[in-house]
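Examination of the molecular architecture
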Amino acid sequence: MPDVHDALLIALVCAVCSLDLISAFQVMVSRPLVVGVLLGAVLGDPGTGLASGMILELIWLQQIEVGSVVPPDFTLGAAIAAGGAVLLRRWHPEISREACVAATLLASVPVAWMGGVANLWQRRRHAGLAAWAENALEKKGDESALAKAVAMSLGLTFINAFVLAMLGLLLVVPALSSLMGSLSTAVLGALGGLYWLALLLGFAVLVDHFWQGRWFRIFGTSFVLAALASSYAGLSGGALLGISVAVGIGLAFVGLSLADAAQEGPS
Amino acid sequence: MNPTLWRMVLRSFFIQCAWNFERMQNLGFAFAMAPALKRLYPDKERRIMALRRHMEFYNSHPFMSPLILGSALRVEEDALAAGKEPGAMVSSLKQGLMGPLAAIGDALFWNTLRPLATLASAALLWALPQVQPLVVAGLYLAIFNLPHLAFRILGIRQGYALGVQVAGFLAKVDTQKIIARLRIVALVVMGAALACLGRLKDPGGPASLPFGGDLGFVGQGFVMLVALRLKVPVTWILAGAGLLAFTPFLRTL
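Report follows, based on the coordinates. (Residues numbered from 1 in each chain as written. Chains lettered and ligands numbered in written order. Predicted model: local features only at pLDDT ≥ 70, side-chain atom pairs only at ≥ 80, totals over all residues. Heavy atoms only, no water.)

For the rest of this paragraph, the subject is the packing of helix α3 (residues 46-59) of chain A against helix α4 (residues 74-91) of chain A. Residue and element names in this part refer to chain A. Taken N-terminus to C-terminus, the directions of α3 and α4 make an angle of 145°; their axes are 9 Å apart at the nearest point. Judged by the sense of rotation from one axis to the other, the crossing of α3 with α4 is right-handed. Between α3, through Thr48, Gly49, Ser52 and Leu56, and α4, the contact on the second element is made entirely by Gly77, Ala78, Ala81, Ala82, Ala85, Val86 and Arg89. Class assignment for the residues of the contact of α3 with α4 results in 6 nonpolar, 4 polar and 1 charged. (Axes fitted to C-alpha atoms, helices over the stretch in contact; angles between N-to-C directions. Helix = DSSP H or I, 4+ residues; strand = E, 2+ residues; numbered from the N terminus. Left-handed = near helix turned anticlockwise from the far one by under 90°. Contact = heavy atoms within 4.5 Å. Nonpolar A, V, L, I, M, F, W, Y, C, P; charged D, E, K, R; others polar.)

The next point concerns the packing of aromatic side chains. Per the counting criterion, the structure on display carries 15 aromatic pairs over all chains. Considering the side-chain rings of Tyr195 of chain A and Trp196 of chain A, the 5.2 Å spacing of their centres and the 90° angle between planes classify their relative orientation as edge-to-face. Assessed through its relative accessible area of 4%, Trp196 of chain A is described here as buried. One aromatic cluster in this structure is built from Phe63, Phe109, Trp110, Phe144 and Phe151 of chain B. Of note, Arg31 of chain A hangs over the ring of Phe74 of chain A, and the distance from its end group to the ring centre comes to 4.4 Å. A cation over an aromatic ring shows up here: Arg11 of chain B above the ring of Phe31 of chain B, its NZ or CZ 4.2 Å from the ring centre. (Phe/Tyr/Trp six-rings, centres within 6.5 Å; stacked < 30°, edge-to-face > 60°. Buried < 20%, exposed > 50% of the residue type's maximum accessible area, 1.4 Å probe, protein only. Lys NZ or Arg CZ within 6 Å of the ring centre and 35° of its normal.)

As a further point, take the interface of chain A and chain B. On the side of chain B, 94 residues touch chain A, which itself brings 102 residues to the contact. At the boundary of chain A with chain B, total buried surface from both sides reaches about 8800 Å², with 77% on carbon and sulfur atoms. Summed over the three residues of chain A that lose the most area to chain B, namely Trp196, Leu197 and Phe210 of chain A, the buried surface amounts to 9% of that side. Run the count over chain A and chain B and you get 4 salt bridges. Counting across the interface, chain A meets chain B through 18 residue pairs in polar contact (both at pLDDT 80 or more). Breaking the side of chain A that touches chain B down by element, the ones donating at least two residues are α2 (32-43), α3, α5 (97-139), α6 (145-182), α7 (185-210), α8 (216-231) and α9 (237-264) of chain A. (Buried area = accessible area lost by both parts, 1.4 Å probe. Salt bridge = Lys/Arg side-chain N within 4 Å of Asp/Glu carboxyl O. Polar contact = N/O pair within 3.5 Å; in protein donor to acceptor, adjacent residues only side chain to side chain.)

Printed below as a string of structure tokens:
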């Protein structure tokens, strides 16, 4: 069972970050990567939080709230996955970080879907809130009704996320912990393998997102050159990254401008 | 920038509040306009009428809304100065701008800048596995929020300066070119990131995957990519990856 202090802390972080997802700011502190790192930091294991948040960030990359689309609640999912992974690591130090992250990742998917349903419910309640504010404005001349409706929306989001996070933590994480304690080494090893496959899936989502016809040869060339530079020239990861950023910016801004100029022809 | 515009920018952070299926961001827009309307209409009855007018249907990208707020305020001011009723003019300006600006915002922020921030953070983590997690999250937030905040602040200024001319200004901004350039940077960095990911061969890492090894690792990623291109839902592929991960265990049964 999670310590009450830990459970409250996780639910509080989840509720504050959910404000960014549903109601206000949109500065992306609701994204799984940030939620994972924040939860890892407050629970004392930012590395596990980052490992968990990064996978979810990549997997849910294409899930965005546009117009009337209400995707799964990835903030809630990330809170359960990252918070749960840190707690599992603490309770079962003999189990690898990868296995803990993979187990909570699987458990977080249905929780995120349920969170999406709750968000849909909340948005339906918002129609009543907007109607109430308009009514107060029209009938009572209450100019503060708009501010009150905004405050109520924030409150509703906070309470909704807090309650769901507490429920998720108290129902999912203890069950997962007792299950993990009874698993054989082979199954735990398979969970560790799943972590890497999930990371690879996340990368595939990223590639799929940036897929763009003929320009894709740029990605292929960059990969081959980077792999060769890494294997034969022994370039470090930091050097590879620095060079790729510089080449990318040069190609995008100088190369594309030259191509445009060539296409326009002499004036 | 005058204090009213600053107050409107701050309130624009709450434009998604009370988003609803009937009139979407109507309440958020009226809430953001309220400080300006307070200055424009000293008479309470007229002010309430104006606030109710702004409770009409409205939906756009949250980061582009300050541009619309600024130009709506300018049109409202100009109409009042000319002794006209601003209602119809402001309404048609909002209706005309919100769709195209939503499309630009979605393409620029949701489809390009946010994935680019994710890619940069992932590349940093895979290239330098010992990096502090807070640095990774900080990089993500910085890449996304520097342009985001600039768009909000400069947007309201530009909208207020141009008023109804904002549409002409938007026609000159080539967002497609900006997006194309950002995507080229992303493609180059993504190639290096994949090479870095392949290097992470710690115990339990890619080398020990089912059908492991470097080629196996790239091959599995390629199969996942093909599935994604065929529009297979990511949760199904995750379930498939689970089955694949458990194959060595299942063989022992």
